[in-house]
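Letter by letter, the chains look like this.
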Amino acid sequence: MNQKRLGTLAVHAGEGETLAVPSTTTPVYLATTYRFPDAAEAAAYLEEPEGRWLYSRLENPTVRAAEKKIAALEGAEAALCFSSGMAAITATLLASLRAGDALLLCDTVYGQTTRLARDVLERFGVEVRPVPLSGLAEAAAAAPAGAKALLFETPTNPTLRVVDVAAVAVACRRRGILSLLDATFASPVNLQSLALGVDLVMHSTTKFLNGHSDHLGGAVAGRRELVDRVAAVRRSTGGNLDPAAAYDLIRGMKTLEVRVLRQNDTALRLARALEGHPKVAWVRYPFLESHPDHALARLQLRGGGGVLSFSVKGGYGPVARVHDALGLVARASSLGGVESLASIPVISSHRHASDAELAIQGIDRGTIRISVGLEDPDDVVADLLQALEQA
Ligand SMILES: *Cc1c(COP(=O)(O)O)cnc(C)c1O
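These numbers were taken from a predicted model, which means no experiment stands behind them. (Residues numbered from 1 in each chain as written. Predicted model: local features only at pLDDT ≥ 70, side-chain atom pairs only at ≥ 80, totals over all residues. Heavy atoms only, no water.)

Draft legend 1. Geometry of the overall build of the chain. Of the regular secondary structure elements, the chain holds 15 helices and twelve strands. Radius of gyration (C-alpha) of the chain: 23 Å, near the 21 Å computed for a compact globule of 391 residues. With the principal axes as the frame, the chain shows a C-alpha extent of 85 × 60 × 35 Å. For the chain, the residues scored as buried account for 53% of the 391 residues in total. Of the contacts formed within the chain by residues at least 6 apart in sequence, a portion of 72% connects residues at least 24 apart. Of the accessible surface of the chain, which amounts to about 17,600 Å², a share of 54% is contributed by carbon and sulfur atoms. Averaging the locations of the 40 positively and 42 negatively charged side chains of the chain gives two centres separated by 2 Å. (Helix = DSSP H or I, 4+ residues; strand = E, 2+ residues; numbered from the N terminus. Rg over C-alpha atoms; globule rule 2.2 N^0.38 Å. Buried < 20%, exposed > 50% of the residue type's maximum accessible area, 1.4 Å probe, protein only. Contact = heavy atoms within 4.5 Å. Areas by Shrake-Rupley, 256 points an atom, 1.4 Å probe, with all protein chains shown as cover. Lys, Arg positive; Asp, Glu negative; His and termini not counted. Charge placed at Lys NZ, Arg CZ, Asp CG, Glu CD.)

Draft legend 2. Layout of the sheet that holds strand 7 (residues 218-222). Reading across from one edge, 1-7-6-5-4-2-3 is the order of the seven strands in this open sheet, with mixed pairing throughout. One side of each edge strand has no neighbouring strand; the edge strands of this open sheet are strand 1 (78-82) and strand 3 (127-131). When the angles between neighbouring strand axes are averaged without regard to direction, this sheet yields 20 degrees. Sheet analysis places strand 5 (residues 178-182) next to strand 6 (residues 200-204), joined by three bridges and oriented parallel. Residue pairing across strands places Leu180 opposite Leu200, the latter belonging to strand 6. Contacting strand 2 (102-106), strand 3 and strand 4 (147-153), helix 5 (residues 111-120) runs over the sheet at an angle of about 160 degrees to strand 2. Here helix 7 (residues 165-174) sits on the sheet in contact with strand 4 and strand 5, set at roughly 170 degrees to strand 4. (Pairing = 2+ DSSP bridges. Axes fitted to C-alpha atoms, helices over the stretch in contact; angles between N-to-C directions.)

Draft legend 3. How the structure looks around the packing of aromatic side chains. For the coordinates displayed, the defined rule picks out two aromatic pairs. For the pair Tyr34 and Trp53, a centre-to-centre distance of 6.2 Å together with 45 degrees between the ring planes defines the contact as tilted. Note that Tyr34 is positioned in the loop between helix 1 (6-12) and helix 2 (39-47) and Trp53 in the loop between helix 2 and helix 3 (61-74), a separation of 19 residues in sequence. Residue class for Tyr34 comes out buried when judged on its relative accessible area of 16%. Lying over the aromatic face of Phe82, Arg234 brings its terminal NZ or CZ to 5.7 Å of the ring centre. Positioned above the aromatic ring of Trp282 is the side chain of Arg284, whose terminal nitrogen or guanidinium carbon lies 5.0 Å from the ring centre. (Phe/Tyr/Trp six-rings, centres within 6.5 Å; stacked < 30°, edge-to-face > 60°. Lys NZ or Arg CZ within 6 Å of the ring centre and 35° of its normal.)

Draft legend 4. Main features of unusual backbone geometry. Residue Pro155 is bonded to the preceding Thr154 through a cis peptide linkage, with omega at -15 degrees. Inspection of the secondary structure puts Pro155 in the loop between strand 4 and helix 7. Note the cis peptide between Asn157 and Pro158, where omega equals -5 degrees. With respect to the helices, strands and loops of the structure, Pro158 is situated in the loop between strand 4 and helix 7. The phi dihedral of Ser187 is positive, around 65 degrees, even though this residue is not glycine. Positionally, Ser187 belongs in helix 8 (residues 187-190). One non-glycine residue, Ser213, adopts positive backbone phi at about 55 degrees. Mapped onto the elements of the fold, Ser213 is located in the loop between strand 6 and strand 7.

Draft legend 5. Spotlight on helix 13 (residues 316-325). Of all the residues in helix 13, the buried ones are Pro318, Val319, Ala320, Val322 and His323. Contacts from the buried residues of helix 13 go to strand 9 (307-312), strand 10 (330-331), strand 11 (341-343), strand 12 (367-371) and helix 15 (377-388).

Draft legend 6. Representation of the site of the ligand in the model. Lining the immediate environment of the ligand, one finds 13 residues, of which Gly85, Asp182, Ser204, Thr206 and Lys207 sit closest. Within the side chain of Asp182, an N or O atom sits 2.6 Å from a nitrogen atom of the ligand. For the ligand, whose unbound accessible area comes to 380 Å², protein coverage reaches 92%. When the residues that make up the shell around the ligand are grouped by side-chain class, the tally is four nonpolar, six polar and three charged. (Near = heavy atom within 4 Å. Polar contact = N/O pair within 3.5 Å; in protein donor to acceptor, adjacent residues only side chain to side chain. Nonpolar A, V, L, I, M, F, W, Y, C, P; charged D, E, K, R; others polar.)

Draft legend 7. Looking closely at the pairing of strand 4. The element strand 4 is largely enclosed, with a buried count of six among its seven residues. Relative to strand 4, strand 2 is paired through four bridges, and the arrangement is parallel. Residue pairing in the sheet places Leu105 in a bridge with Leu151 of strand 4. As paired strands, strand 4 and strand 5 are joined by five bridges and run parallel to one another.

Next up, the structure:
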């Protein structure tokens with residue numbers, strides 16, 4: 001019998017030969033571990049890991065390429081990717097706080113972020129102090145000595161309130177408080193957060209950065225010294241992004257600006273079409289003159305974003321009928337994708353909120369949120385107008 005040593009061939013033949021292929025796109029490096037040519041290189045990794053590779057929970061070349069793109073888009077020294085937006089927020093907060101510290105938490109942030117702070121961080125001795133959206137800079141200026149970080153979002157969900165980011169960042173810096181901004185709704189296209197002075201900007205890359213509803217991820221960007229602290233937490237907690245998902249993110253980001261500019265235009269057109277409609281109580285969109293933060297939005301944002309909300313007169317019954325009559329626009333949560341999506345806050349993001357809490361958030365039982373996609377703007381507007389006939 002002609003015995004071939006297939007085990008060795010199967011493992012090693014062909015490996016590494018494609019490394020120098022001049023591919024136009026970043027390869028997906030699925031490897032969990034990397035070769036060192038010798039002990040000197042293995043030891044060198046310990047001194048200078050940048051540009052070297054050890055193990056993919058620590059760093060991965062495809063993920064690193066996504067991180068470099070995010071850092072470039074945000075004008076940051078460094079960025080990190082995570083397996084979800086919540087993983088990015090978790091690592092950022094764990095890196096910023098210790099037992100006995102206080103976290104100033106804006107009262108309109110993403111619901112899961114509030115639960116992370118209250119249900120998890122408080123168990124580890126972090127005091128969570130809710131602060132009102134309208135007084136973030138004042139709250140930072142008057143913060144107690146133990147306050148170490150302030151976490152906020154702009155524009156907010158679902159009424160798209162716009163925060164004076166520069167004023168909040170300055171107030172935080174004066175008191176030695178880290179300013180942490182979740183800018184998922186703005187995306188780097190509409191808001192350059194770090195240029196306005198915040199210490200760290202976070203994104204759910206699940207939304208606009210990927211933009212195709214086929215990726216779950218998160219990111220944080222800022223000065224290297226701060227990002228390195230978050231990286232240390234990521235190494236220990238294990239929330240690094242998967243390399244295949246990093247590829248989806250890289251590909252999505254290539255069209256980020258084109259997509260968001262189009263979504264800005266479509267959302268403004270839809271907002272104008274809905275405003276003044278006899279069955280609509282109000283419309284919230286930052287670039288509408290009627291928005292409470294319109295002047296600030298025009299100064300600070302390149303566009304109003306792809307999300308708007310409005311209230312159907314008569315409350316839950318009528319808004320549910322509008323929701324159910326949508327044809328093109330999908331009844332689905334999330335935002336920032338190529339498909340237009342509609343969701344009703346009182347049966348999704350704000351399901352646990354009392355009427356008083358809804359009032360604080362500026363919404364009511366007739367509110368519906370729309371995330372516009374890349375369909376023809378006329379088709380999106382027409383779908384909403386026909387659905388409103390059912391209200
Ligand atoms: C979706 C979202 C998150 C959470 O991100 P995941 O990727 O779902 O973990 C955080 N903040 C905001 C503003 C979001 O919209």
